[in-house]
Amino acid sequence: MGSLRNPVGPLPSSIYWRRRVAMLSTLAVLALLIAWIVTSGGGGGKKNADGSDGKNPVSTITPGPSGSGPAISQAPGGRDDSSGGGSGSSTGSSPGSGSTDGSSAGSSGDSSSGSAGSSGSSGSSSGSGGDVTSGSGGTVASLPGTSTLPDCTAASVTLSLKSLHNSYSPEQAPTFELTAKSTSSSDCKIDLGPKNAVLTITAASADDTYWSSADCPKTAASRWYRVPAGSSITYTLTWDRKPSAPQCATPPAGSAGTGTYLLQAEAPGFTKAQASFVLAAD
């Protein structure tokens, strides 16, 4: 132990003490370095494994909303706005016939009793429209207004209008079909918007229009659709018997009473299409 405290050698003792301190310091530094390497290596592997450092994030795929329903959710002409929540639907007949069998007519949830009711808070058109369908029964999607298809003309397309039934009892919702039929050899587009292809309902005993698709439509003023060459497209409307008012004014209270009504569709450049129907007492 004396040699440890008092180094023996030809050099002064202070030299030996310095050597001992330097050696011990070197050993301590090496021990710390080894401990740091072992610690950081183990922790880094775990960190990279769970991706918490952001370099290896866990990938997840969130599915987007799946599409469902028909290609268009609203029919043109303002005839899909309903204060009663009813809906009309149609199924096309043979290709090119331009007519529908209306098997779902009367599916409207509106109660058509003909009795008076409270007036609406707004004057929006109270017709509930279904899809625009092709002559083969498929749904027709609307076109952008910038479509390069030529506009349909009266020389190539005719408009026809009919009531699904001649007479409707109070529990039935009047249902109508507007058809654009092409006699051309090439496709064209037609505007069935609520302010272009205007559908009106007027009591046979009155002069003033009782309901119009152009009064206060919530849909776009123009809705363009392709009319295939030699085929047709059909729009189905279910009416809740409520009146409408121009420029979104509040319509009169009540519902349409019994009697004969005249139905008319008018679009610029085309011949007016007309039909009639009866609202029966029972």
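Everything numeric in this text was worked out from a predicted model, so none of it was measured.

Peer 1: I tried to follow the sheet that holds strand β6 (residues 188–191) on my own but got confused; where do I start?
Peer 2: By way of backbone hydrogen bonds, the strands of a sheet pair with one another, either parallel or antiparallel. A sheet is described by the order of its strands in space; here three strands give the open sequence β2-β9-β6, paired in antiparallel fashion. In this open sheet, the two strands that pair with only one neighbour each are β2 (142–143) and β6. Two elements, β6 and strand β9 (residues 224–227), share four bridges in a ladder whose sense is antiparallel. Paired with D191 across the strands is W224, a residue of β9.

Peer 1: Where do I start with the pattern of salt bridges in this structure?
Peer 2: What the rule picks out here adds up to three salt bridges. Close ionic contact of E177 with K162 constitutes a salt bridge, the shortest N to O distance being 3.7 Å. Taken together, the residues E177 in strand β5 (residues 175–182) and K162 in strand β3 (residues 157–163) connect sequence positions 15 residues apart. Between D187 and R226 there is a salt bridge whose closest N-O contact spans 3.0 Å. Within this pair, whereas D187 is found in the loop between β5 and β6, its partner R226 is found in strand β9, the two being separated by 39 residues in sequence. Under the relative-accessibility criterion, R226 is labelled partly exposed at 35%.

Peer 1: Please explain the confidence of the model for the protein as it appears in this structure.
Peer 2: Close inspection of predicted coordinates is inappropriate for parts of the model with low pLDDT. With 65% of its residues at a pLDDT of 70 or more, the protein has an overall mean of 74. Note that pLDDT drops below 50 for residues 44–123; the model gives that stretch 180 contacts with residues more than four away or on any other chain.

Peer 1: Teacher, can you tell me more about the pairing of strand β7 (residues 198–203) here?
Peer 2: A regular strand carries its side chains on alternate faces of the sheet. For β7, the buried fraction is high: six of the six residues fall into the buried class. What you see with β7 is no split at all: V198, T200 and T202 on one side and L199, I201 and A203 on the other are buried throughout. Here β7 pairs with strand β11 (residues 259–266) via six bridges, running antiparallel. By the bridge assignment for β11, L199 is matched with A265.

Peer 1: Would you mind going over the packing of aromatic side chains with me for this structure?
Peer 2: Two descriptors summarise a pair of aromatic rings, namely the distance from one centre to the other and the angle between the planes of the rings. In this structure the tally under the stated criterion is seven aromatic pairs. Plain terms: the ring middles of Y210 and Y261 are 6.5 Å apart, the flat faces sit at 65° to each other, and that makes the pair edge-to-face. A residue pair is termed long-range when its members are at least 10 positions apart, and Y210 in the loop between β7 and β8 (211–212) and Y261 in strand β11 qualify at 51 residues. Through a chain of ring-to-ring contacts, three or more aromatic side chains come together here, namely Y168, F176, Y210, W239, Y261 and F277. Note that K189 overlies the ring of W224, its terminal NZ or CZ placed 5.2 Å from the centroid.

Peer 1: I'm lost on the nonpolar core in this one. Help?
Peer 2: Across soluble globular proteins, nonpolar side chains show a tendency to be buried alongside one another. One finds I190, I233 and F277 to be the most contacted residues of the largest nonpolar core, which totals 35 residues. Where this core is concerned, the elements lending two or more residues are β3, β5, β6, β7, β9, β10 (232–239), β11 and β12 (273–279). Filtering out sequence-adjacent residues up to four positions away, I190 remains in contact with C152, V157, L159, A180, R223, W224, Y225, V227, I233 and F270.

Peer 1: When you look at the pairing of β5 in this model, what are you seeing that I'm missing?
Peer 2: With respect to burial, β5 is a largely interior element, seven of its eight residues being buried. Sheet analysis places β3 next to β5, joined by seven bridges and oriented antiparallel. Of the residues in β5, the one forming a bridge with S160 is T179. Two elements, β5 and β10, share seven bridges in a ladder whose sense is antiparallel. Bridge assignment links F176 to a residue of β10, and that residue is L237.

Peer 1: What should I look at first to understand the state of the cysteines in this one?
Peer 2: What we call a disulfide is simply a covalent bond connecting the sulfur atoms of a pair of cysteines. Summed over the entire model, instances satisfying the criterion amount to two disulfides. Through a disulfide, C152 is tied to C188; the S-S separation comes to 2.0 Å. Measuring handedness by torsion sign, the sulfur bridge of C152 and C188 sits at about 95° and is right-handed. In this pair, C152 sits in the loop between β2 and β3 while C188 sits in strand β6, placing the two residues 36 residues apart along the sequence. Like C152, the residue C188 is buried in the burial classification. Covalent S-S linkage joins C216 and C248, the inter-sulfur distance amounting to 1.9 Å. One disulfide, between C216 and C248, carries an S-S torsion of 90° and so falls in the right-handed class. Taken together, the residues span a long stretch of sequence, with C216 in the loop between β8 and β9 and C248 in the loop between β10 and β11 at a distance of 32 residues. A relative accessible area of 7% means that C216 is categorised as buried. Take C248: its relative accessible area is 42%, and that puts it in the partly exposed class.

Peer 1: Help me out: how do you make sense of the side chain of T234 in this one?
Peer 2: Its place among the elements puts T234 in strand β10. A relative accessible area of 2% places T234 in the buried class. Polar side-chain contacts of T234 include one of 3.0 Å to the side chain of T179.

Here is what the cut-offs are and how they apply
- Residues numbered from 1 in each chain as written.
- Predicted model: local features only at pLDDT ≥ 70, side-chain atom pairs only at ≥ 80, totals over all residues.
- Heavy atoms only, no water.
- Pairing = 2+ DSSP bridges.
- Helix = DSSP H or I, 4+ residues; strand = E, 2+ residues; numbered from the N terminus.
- Salt bridge = Lys/Arg side-chain N within 4 Å of Asp/Glu carboxyl O.
- Buried < 20%, exposed > 50% of the residue type's maximum accessible area, 1.4 Å probe, protein only.
- pLDDT = per-residue confidence, 0-100.
- Contact = heavy atoms within 4.5 Å.
- Phe/Tyr/Trp six-rings, centres within 6.5 Å; stacked < 30°, edge-to-face > 60°.
- Lys NZ or Arg CZ within 6 Å of the ring centre and 35° of its normal.
- Core = buried A, V, L, I, M, F, W, Y, C linked by side-chain atoms within 4.5 Å.
- Disulfide = S-S within 2.5 Å.
- Polar contact = N/O pair within 3.5 Å; in protein donor to acceptor, adjacent residues only side chain to side chain.

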